[in-house]
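Inside the fold
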Amino acid sequence: EVARGKNFTRFSIDFLLTEGERLTSYLYIPDSLRDERKNPAMIALHETDPLGKGSVDGQGENRNLGYARELAERGYIVIAPDYPGFGDMKDYDFENDRYESGTMKGIFDHIRCVDLLQSMNNVDPEKIGVIGHSLGGHNAIFAGVFDTRLKIVVSSCGWTGFNYYDVGPSAIERYGSRLGPWAIPRYMPLLRDKYNADPDQIPFDFNELIAAIAPRVFFSNSPVGDANFSVEGVRKGIEDASVIYKLLGVPGNLQVYYPDAQHDFPFEIRMKAYEQLDKLFR
């Protein structure tokens, strides 16, 4: 499918990741591009929404999450993949794939998105970043840790320390523990099966993941009213990770905003993220 947008063309594509695995995605090509110039590109990862990539295209109820479309309008080449279990990959079989976790499947998919972008003649291979909200927010972090070709990681409402994660009594009853939602097949089952959903046994936490992204740019939108990801855990994680950014001489590359909002990506914070992208890539 080919669709026209404001100042861009959106292609519905699927491409080969490895034998027997394909990935459905939107690929946005801005009208302003010239073939003789290399251009910056972004990977846009969606939230927990049945629409999958349609969410970041602005097709969902929350228009604050249409950042793939917004970035294309701003002149960025953008790829927006479906996460397994959503969108055109809604029937993905986690039990019979080759991965330890849905999270690792996502990491592999997103690494291959970088490969695809770098294969395009009009993409600058040194100017690629990743952005995501909620599910996409922590998948952006995981992708940034595993693929150093990503020069900036923008995570909106995507993380807090495991010790600060609290889903409430009903979710604990449903999932069996406070960290149970992290341990379902599409995320990381070993958190339960190997580490008993105990933060003190889990061998990593988000402060370490963010520190591993250094010295590259990390941008976090962490609203004070986010009921999913406690802002207290974010503040502690940023404090810990800032030690590494300071050690490497780039404290300004660690950026966090605490808007007075709930689990959302407000307009003014998106604009600050886009300004940071323009500063880095243009």
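The sections below set out a description of the structure shown in this document. Every value quoted in this text rests on a predicted model; they were computed, and no experiment measured them.

Next up on the list: the sheet that holds strand 2 (residues 8–18). Across the sheet, which stays open at both edges, the nine strands sit in the order 1-2-3-5-4-6-7-8-9 with mixed pairing between neighbours. The open sheet has two free edges, formed respectively by strand 1 (2–5) and strand 9 (254–257), since each of these has just one partner strand. With strand direction ignored, the average angle separating the axes of adjacent strands in the sheet is 20°. Bridge count for strand 8 (residues 217–221) against strand 9 is four bridges, and the pairing is parallel. Residue pairing across strands places Ser220 opposite Val256, the latter belonging to strand 9. Contacts between helix 4 (residues 135–146) and the sheet are confined to strand 4 (39–45), strand 6 (123–133), strand 7 (150–156) and strand 8, with strand 7 contributing the most and set at about 155° to the helix.

It is worth spelling out the environment of Ile13 at this point. Locating Ile13 in the fold gives a position in strand 2. Given the relative accessible area of 23%, Ile13 is considered partly exposed. When the C-alpha positions of Ile13 and Met104 are compared, they lie 22 Å apart, and in sequence the two are 91 residues distant. Those residues in contact with Ile13 that lie beyond four places of it in its chain are Leu23, Thr24, Ser25, Leu27 and Leu116.

Right, let's get into unusual backbone geometry. The omega torsion of the bond from Ala214 to Pro215 falls at 5°, within 30 degrees of zero and hence cis. Considering the arrangement of structural elements, one finds Pro215 in the loop between helix 7 (206–213) and strand 8. One non-glycine residue with positive phi stands out, namely Ser134, at about 60°. The class of Ser134 is buried, set by a relative accessible area of 8%.

Mapped onto the fold, Asp57 is located in the loop between helix 1 (53–56) and helix 2 (67–73). Under the relative-accessibility criterion, Asp57 is labelled buried at 3%. Look past the residues within four positions of Asp57 in its chain and what remains in contact with it is Arg10, Tyr26, Tyr28, Gly66 and Arg69.

Relative to the 16 Å expected for twelve residues at 1.5 Å per residue, helix 4 spans 17 Å between its end C-alpha atoms, a close match to the ideal helical length. Burial runs high along helix 4: ten of the twelve residues are buried. Buried residues along helix 4 sit in contact with strand 4, helix 3 (102–119), strand 6, strand 7, helix 7 and strand 8.

Secondary-structure assignment places Ile172 in helix 5 (residues 169–175). Given the relative accessible area of 31%, Ile172 is considered partly exposed.

Attention now goes to the nonpolar core. Most often, soluble globular proteins keep nonpolar side chains buried together rather than apart. Core analysis: the biggest nonpolar cluster contains 49 residues, and Ile43, Ile77, Leu117, Trp182 and Phe218 have the highest contact counts within it. Counting residues per element, this core draws most heavily on helix 7, which supplies five residues. Not counting residues within four places of it along the chain, the set of residues in contact with Trp182 comprises His138, Phe162, Tyr165, Tyr187, Met188, Leu191, Phe206 and Phe229.

Further remarks concern the packing of aromatic side chains. For the coordinates displayed, the defined rule picks out 18 aromatic pairs. Each ring, one from Phe162 and one from Trp182, has its centre 5.7 Å from the other, and the planes form 90°; the classification is edge-to-face. Taken together, the positions of Phe162 in the loop between strand 7 and helix 5 and Trp182 in the loop between helix 5 and helix 6 (190–193) put the pair 20 residues apart, joining distant regions of the chain. Members of the aromatic cluster, connected to one another through ring pairs, are Phe142, Trp159, Phe162, Tyr165, Trp182, Tyr187, Phe204, Phe206, Phe218 and Phe229.

For the rest of this paragraph, the subject is the pairing of strand 2. Inspection of the sheet shows strand 1 paired to strand 2 by four bridges, in the antiparallel sense. When the bridges of strand 2 are listed, Val2 appears paired with Phe11. Here strand 1 hands over to strand 2 after two residues, with Asn7 in that stretch at a positive phi of 70°. The pairing of strand 2 with strand 3 (residues 21–30) spans ten bridges and is antiparallel. Bridge pairing in strand 3 places Phe15 opposite Leu23.

Definitions and limits used
- Residues numbered from 1 in each chain as written.
- Predicted model: local features only at pLDDT ≥ 70, side-chain atom pairs only at ≥ 80, totals over all residues.
- Heavy atoms only, no water.
- Pairing = 2+ DSSP bridges.
- Helix = DSSP H or I, 4+ residues; strand = E, 2+ residues; numbered from the N terminus.
- Axes fitted to C-alpha atoms, helices over the stretch in contact; angles between N-to-C directions.
- Contact = heavy atoms within 4.5 Å.
- Buried < 20%, exposed > 50% of the residue type's maximum accessible area, 1.4 Å probe, protein only.
- Expected span 1.5 Å × (residues − 1).
- Core = buried A, V, L, I, M, F, W, Y, C linked by side-chain atoms within 4.5 Å.
- Phe/Tyr/Trp six-rings, centres within 6.5 Å; stacked < 30°, edge-to-face > 60°.

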